[in-house]
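What the coordinates show
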There are 2 protein chains.
Amino acid sequence: MSQPLEGYVVLDLTHVLAGPYTSMILSDLGAKVIKVERPEIGDDTRAFPPFKDGFSAYFAAINHGKESIALDLKKAEDREIFDQLLAQSDVILENYRPGVMERLGYGWDDLHARHPKLIYGAVSGFGHSGPDSLKPAYDMVVQARGGVMSITGERDREPVRVGASIGDIAAGMFLAHGILAALLSVKSGAPGQKVDVAMLDSQLALLEHAVAIASTTGEAPRPNGARHPSITPFETFHAEDGLFVIAAGNDVLFTRLCETLELPLAGDPRFATNMARCENARLLKRLIEAVTIDRPVDFWVNKLEAAGIPTGPIQNVVQAMEDPQMLARNMVVSVLDKAGAPAYVAAGNPIKLSGMADPTTRSPAPKLDGDREAILRWLEERST
Amino acid sequence: MSQPLEGYVVLDLTHVLAGPYTSMILSDLGAKVIKVERPEIGDDTRAFPPFKDGFSAYFAAINHGKESIALDLKKAEDREIFDQLLAQSDVILENYRPGVMERLGYGWDDLHARHPKLIYGAVSGFGHSGPDSLKPAYDMVVQARGGVMSITGERDREPVRVGASIGDIAAGMFLAHGILAALLSVKSGAPGQKVDVAMLDSQLALLEHAVAIASTTGEAPRPNGARHPSITPFETFHAEDGLFVIAAGNDVLFTRLCETLELPLAGDPRFATNMARCENARLLKRLIEAVTIDRPVDFWVNKLEAAGIPTGPIQNVVQAMEDPQMLARNMVVSVLDKAGAPAYVAAGNPIKLSGMADPTTRSPAPKLDGDREAILRWLEERST
């Protein structure tokens, strides 16, 4: 078993989340990721809580398995090291604002001329073209401007942020697709490419139904609380001791749900099709809750699962991390320290490949500049 | 300019969203995607609103550019066509429950023996291993069970669903990473692989900070409304005529924000570091709003942008689709009909490659079984 990106080298100038998420995916697939950080400060997320033993667990969760070297790309001696690293790299990643790399002399045109097979991956708030390309952005800015916040939250209340940083993460994931596709092209003999992914663009790409609704009706969809806007029943329901979800996505499942709950709705035209159910969703929720409210969540989840109906509890993050299915799939794993002892906890690799061992632990996250000696030695070995 | 996956063939048995999102990404990168659908009914999303001219705009948004053939894999004559398609394919995608493909005689072991270079991509609710692997799931089930709902919503109110279907989409995106990585391996001479991605796993992989917080503190993070849990200020603020966001992710940006708002907080220990600001976030929000409440959103967004501070309005989906930056980046494009006229609107391709023309329109979405003749002709050509 080997990792698909074994032997590939990623020179990673990115910081915070979007770019480091890309290099985490590439690292998980076997690439050697060399994180080039600003001297003294390093990646901003080294200062993000929560901390454990003085080290950011947030940083560790995203940067495990990477190596770190601190370089000041305005200093001649550091540029020399950087140039040597470039010569050994298949991919360079950066998340500066457009123009920064050009001013450093490492813009795409320069690099492409010097290293025709090198792939250049850029992730930025608004992309490398368009009127706002130079504006700064963080996750929350693109969640707000990109539309996802406007459909997340309770009806008629203020919009809320998606609890996960999908402004960053979606862009990081799309950048990884572009990098992998470009590696495939290079492998076929094509030249390297620049991959330009914008966090704002990526938000729109997530709005599968909202774009369809807005463009066909001309009206902006509103937040829908805990309900899917175009599938019914597909929402949370109250049981005796809490909330759970039922997701009956088609007529067969809905019929089975009615049988299981002993709800006599068969043949009722108000609920005969998904569209009819969407129109009568508020009524249907109450009819279902009139049944579910008298028994606990566990009872209903077990009963519906036995009938093959998609259902589940609403778990908090601690519960999700203790979920036997998550544990069976190595989705909650230790990040080790340099001595090999568990130091932090992080998500496992969600990409399970039959030809690659599924990691049951994560390699250490680097200290700032912590791999300088090893990287310099590696450069020497490669150049001889 | 050519597309990185030009010449690759994806045989796509998936339906609804997660799998079709994977094949959309592969199609956007140049692959030929042949959608194999159940006769008469086809992909469930063909029945999902909104509709335009009797055709689901939801279906069109995800399935543009793909071809459709209806096959009943229990019938001998259709299996023969399917076998011919398999022989021409680089990738097969399916999102059945584990075991279904085996019962059809198309399980991974069988296919791998017959087509050693074929890559087999499976996306399912809970993955192909673990105690719950046979349970059914939809987006909402994994959003609930995977933890993201528990951190999305207003503090001390019921959790809400993320407005976009990230339960499906995140899994579809991770599956695309696995497929692309496996294609790279095959290109290097390795055998094909099975890629097994679970929607539940994928949710945990999105919880970058929540897992760090839960594992270091032992406590489950709670919903935080429109505020980032570990960066401050990074939330919505009231202006005179609505809400906007400020995302000042580090000390330099915070200092600049105070100067721009003429807030005399320099040197105040309650706001001197990000950690201190997180502890005093509620107070800081009010101090900032005491300034921002008297002028409209546009005024503040312009003023803060001029000072280089990440900020932006909260846009609804119609506004996001009219955003000049989105339009400049081809992120809102027409899906054409067979005659070449604009029929629907969909998100553009967020993966911008220097070596591939950025699409300004989308190819038609297929009618059920609409490409049967063309596919059969293509099979004949390929086999001679």
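Worth saying up front: this structure is predicted, and the values here are computed from it rather than measured. (Residues numbered from 1 in each chain as written. Chains lettered and ligands numbered in written order. Predicted model: local features only at pLDDT ≥ 70, side-chain atom pairs only at ≥ 80, totals over all residues. Heavy atoms only, no water.)

All names here are of chain B. Taken N-terminus to C-terminus, the directions of helix H3 (residues 76-87) and helix H16 (residues 372-383) make an angle of 60°; their axes are 10 Å apart at the nearest point. Comparing their axes, H16 and H3 come out oblique. As for how H3 packs across H16, the hand of that crossing is left-handed. In contact with Ile81, Gln84 and Leu85 of H3, H16 contributes Arg372, Ile375, Leu376, Trp378 and Leu379. Here the contact of H3 with H16 is built from residues that sort into 6 nonpolar, 1 polar and 1 charged. (Axes fitted to C-alpha atoms, helices over the stretch in contact; angles between N-to-C directions. Helix = DSSP H or I, 4+ residues; strand = E, 2+ residues; numbered from the N terminus. Parallel < 35°, antiparallel > 145°, perpendicular 65-115°, else oblique. Left-handed = near helix turned anticlockwise from the far one by under 90°. Contact = heavy atoms within 4.5 Å. Nonpolar A, V, L, I, M, F, W, Y, C, P; charged D, E, K, R; others polar.)

Turning next to the side chain of Asp268(B). Residue and element names in this part refer to chain B. Tracing the backbone shows Asp268 in the loop between helix H10 (251-261) and helix H11 (274-279). Its relative accessible area of 15% is what places Asp268 among the buried residues. At 2.8 Å, the side chain of Asp268 and the side chain of Arg270 are in polar contact. (Buried < 20%, exposed > 50% of the residue type's maximum accessible area, 1.4 Å probe, protein only. Polar contact = N/O pair within 3.5 Å; in protein donor to acceptor, adjacent residues only side chain to side chain.)

The next thing to look at is the interface of chain A and chain B. Across the boundary between the two partners, chain A contributes 147 residues, which contact 147 residues of chain B. For the pairing of chain A and chain B, the buried interface totals around 12,000 Å² over both sides, and the portion due to carbon and sulfur atoms is 69%. Its salt-bridge partner being Arg329(A), residue Asp196(B) comes within 2.7 Å of it at the nearest N-O pair. Summed over the shared surface of chain A and chain B, the number is 43 residue pairs in polar contact (both at pLDDT 80 or more). Examining the composition of the side of chain A that touches chain B, we find that 14 residues originate from one element, helix H7 (residues 166-187) of chain A, more than from any other. Class assignment of the residues belonging to the side of chain A that touches chain B gives a composition of 86 nonpolar, 38 polar and 23 charged. As defined by bridge partners, strand S8 (residues 194-198) of chain A adjoins strand S14 (residues 352-353) of chain B across 2 bridges and the pair is classed as antiparallel. Note that in S14(B) the partner of Val195(A) across the bridge is Leu353(B). (Buried area = accessible area lost by both parts, 1.4 Å probe. Salt bridge = Lys/Arg side-chain N within 4 Å of Asp/Glu carboxyl O. Pairing = 2+ DSSP bridges.)

In the superposition of chain A on chain B (RMSD 0.0 Å, axial shift 0.0 Å), the rotation amounts to 180°. The transformation just described matches what one would write down for a two-fold rotation axis. Interface overlap between copies: 100% of the residues of chain A at the interface are likewise at the interface in chain B, consistent with a symmetric, same-surface contact. (Least-squares fit on C-alpha atoms with pLDDT ≥ 70 in both.)

Here we take up helix H13 (residues 297-306) of chain A. Looking only at H13(A), the buried set comprises Val297(A), Trp300(A), Val301(A), Leu304(A) and Glu305(A). End-on view of H13(A): buried residues confined to an arc of 125°, all on one side of the axis. Turned more than 90 degrees from where H13(A) packs its buried face, Asp298(A), Asn302(A) and Ala306(A) sit exposed. Looking at the buried side of H13(A), the elements it contacts are strand S9 (234-239), strand S10 (242-247), helix H10 (251-261), helix H12 (281-292) and strand S11 (311-313) of chain A together with helix H6 (139-145) of chain B. Downstream of H13(A) by one or two residues, Gly308(A) has phi in the positive range, about 80°. (Arc of directions from axis to C-beta.)

Moving on, we get to the domain arrangement of chain A. Splitting chain A by domain gives domain 1 (9-206 + 326-383) and domain 2 (234-314). Placing the centre of domain 1 of chain A and that of domain 2 of chain A at their C-alpha centroids yields a distance of 42 Å. (Domains from an automatic or database assignment.)

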